[in-house]
Structures are given as C-alpha cells and as structure tokens.
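Chain by chain, the residues run as shown.
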Amino acid sequence: MSRSLATGVGSTAVAVLAAVVPLGAIAGPAAAVAEQPNATAEESWPDKVVVGKSAQGRPIVAQRQGNPAATKVLLVVGQMHGDEPKGPVVVRSLRKRKVPVTGDVAIWSISTINPDGQARRRRVNARSVDLNRNFPTKWRLQGKGGGTYSGPKAVSERETKEVMAFVSRLRPDAIMSFHQPLNTVMAVCDPKARPWVRLIGRLAGLPVPNPRNCKAANLWYPGTFNKWYTAHFPGWFATVELPASSAVNRARIRRYTNTIVRIAALMEDAPGQTAASQ
Ligand SMILES: [Zn+2]
C-alpha cells in the first residue's frame, strides 16, 4: 500500500487528524503503528493541511511537494523558536522548487510550529515555554522564567501535542528541523542519523565536528523534538543549526534549499526504514 500518506480523509484531513489520533494514542511506536489507516492508493491527503493551532489560535500549516503516493517522506520544519527567522525563509524557497511527482519521495514542510513566538520574535511560545524542551522523551522540569523553560509537564503545550499527532500520522522517514545560530548539524552521536547529519553538513556547508563524548552529549537538551522522534520512530532526525542571520545571505538560502532537495532525492535510493521496522 502507499502507506502513511494515503488516509482516505479527503478534504477534511484536519478534522480527521484530530479525531483519529487521540492524544493518548501517540505516546509510543506501538500506538503509532496501530493508528495506521487502512489506506487505498486513490485516497490521499490534500497537499496542504492545518496540523493544528497554537496557544493563541494561529494555524500551523503543512504542505506537500513531490509524489502524493511516495513511499519515502521527508518532513522539513522551518522553525520552532520564534527568534530564529531563517528556517522559514528556507521553507519559502523550498516551496518554489519543483519536486518531481514521478519520484518515490514526498517532501512535507512546516514553516513554523511556533507561530505565536514568530509573531513576537521570541524563542518561546505565548505561554513562555520552549517547545523544544516540551516533548516527552527525557523530559525534565527546567528553566522556568528563561528561554529554555520546559513547561510545567511534558507535552503541556498545544503546539507540541499537535505536532506529535501529525508526525504520528505522517510517519516521515526523516525530519530536518531548522534552528539558529550554532552553525552545525546535530546529532551526529545518534547512529541512525550520523551518515545523514554528515552529508547534510557537507552539502550545506555547516561544520559537523567529530563527537568527543557521545555519552555526555546525549544528556544535553532534554525533551527535544529530536529525542522524541528518534526514540519512537525508525527514521532519522537532523537538527540543522544555521548560522546567525547576518551570515545567511541569498546564496546560503539557495544552498540550504538545494541540500533539502538533494537529501530527498538520495532518500529514494536508501533502504526503506519504515517498512523494515514495522
Ligand atoms: Zn532553535
């Protein structure tokens, strides 16, 4: 079957997403598999869906390019932190590209999962929570009053819930999530992601130093999107840290966009990760 992209939800994808993925069902891989729809090839998601809404009611929108029935899916997230503006610029550039509908890969992109933070140019969401510390894997209460506040409990934020529900339905083979300004790609310590992280670094011109101490590195950044996805899904996740905005000119945007398109093309030839592990 054409797996996760074909759901039979037609034009009411949003309502069905909410109805079919109760929050209690998205905690782990077994639940995610159980939520796989009985798909037929003719019925597929529309090429644009509202993933959900932010705390202040702004829509979080995902768009698809490429083959709707592809067996390989790359998800690109332009922004989690509202004061990191260049990822959404890369997504805007990506959406102008032609991704062949004859290939076996689809690219889904979300410009920002934190539209409230983006509107205020703040890292955190409207409730002062760092969404990238609010995911349930290795979640730890931390940082209240600062830029890395975890929230009062794991998945306390609407944006986190909506993104988890969407990813659990889509089951992408890979996620590239953009941040700033560390000028690197993470996490090379994760064996699933390592070759892709190095490749993205080379293609995008972002340095990926050899890890000194992966055990220590794994303790950093509790409750991240990366940790949650990596723990519950067979695919790989790359956190793409662009440099500071002053260093991101048009040529760089083009290069980052080219990198996404190239990675998607290479995923077509990679062994099927989702199928192999289900
Ligand atoms: Zn960030």
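I will try to describe carefully the structure that is included in this document. Fair warning: this is a prediction, and the values are worked out from it, not measured in the lab. (Residues numbered from 1 in each chain as written. Predicted model: local features only at pLDDT ≥ 70, side-chain atom pairs only at ≥ 80, totals over all residues. Heavy atoms only, no water.)

**Structural notes on the state of the cysteines**
Among covalent bonds in proteins, the disulfide is the one between the sulfur atoms of two cysteines.
So, step 1. Going through the model one piece at a time under the given rule, you end up with 1 disulfide.
So, step 2. One disulfide in the model links Cys 189 with Cys 214; its S-S distance is 2.1 Å. On the sign convention where negative means left-handed, the S-S torsion of about -85 degrees between Cys 189 and Cys 214 marks this disulfide as left-handed. Here Cys 214 lies in helix α7 (residues 214-217) and Cys 189 lies in the loop between β6 (184-186) and α6 (194-204), a separation of 25 residues in the sequence. (Disulfide = S-S within 2.5 Å. Helix = DSSP H or I, 4+ residues; strand = E, 2+ residues; numbered from the N terminus.)

**Regarding the side chain of Ser 156**
So, step 1. Structurally, Ser 156 is set in the loop between α4 (115-120) and α5 (158-170).
So, step 2. Ser 156 sits in the buried class, given a relative accessible area of 13%.
So, step 3. A distance of 3.0 Å separates polar atoms of two side chains, one belonging to Ser 156 and the other to Asn 134.
So, step 4. At 3.2 Å, the side chain of Ser 156 forms a polar contact with the backbone oxygen of Lys 153. (Buried < 20%, exposed > 50% of the residue type's maximum accessible area, 1.4 Å probe, protein only. Polar contact = N/O pair within 3.5 Å; in protein donor to acceptor, adjacent residues only side chain to side chain.)

**Describing the coordination of the zinc ion**
So, step 1. Only His 81 (ND1), Glu 84 (OE), Glu 84 (OE) and His 179 (ND1) from the protein coordinate the zinc ion, and they sit 2.0 to 2.4 Å from it.
So, step 2. Considering all 4 donor atoms around the zinc ion, angles at the metal cover 57 to 157 degrees and the coordination shape is irregular.
So, step 3. Summarised as a motif, the one-chain spacing of the donors to the zinc ion is H-x2-E-x94-H. Placement of Glu 84 in the loop between β3 (72-77) and α3 (86-94) and of His 179 in strand β5 (residues 174-179) is noted, with a sequence separation of 95 residues between them. (Donors = N, O, S within 2.8 Å, 3.2 Å for Na, K, Ca; no water. Tetrahedral: all angles 85-135°; square planar, octahedral: opposite > 155°, others 65-115°.)

**Observations concerning α6**
Along an α-helix, residues three or four apart share an orientation, since each turn contains 3.6 residues.
So, step 1. Buried within α6 we find Trp 196, Val 197, Leu 199, Ile 200, Gly 201 and Ala 204.
So, step 2. Against the buried residues of α6 lie β5, β6, β7 (236-241) and α9 (250-269).
So, step 3. Directly beyond the C-terminal end of α6, a positive phi value near 75 degrees is found at Gly 205. (Contact = heavy atoms within 4.5 Å.)

**Observations regarding the environment of Leu 131**
So, step 1. Here Leu 131 shows up in the loop between α4 and α5.
So, step 2. Beyond its immediate sequence surroundings of up to four residues, Leu 131 is in contact with Met 80, Ile 113, Asn 114, Asn 125, Glu 157, Glu 159, Thr 160 and Gly 223.

Function cannot be inferred from these measures alone, as they are strictly geometric.
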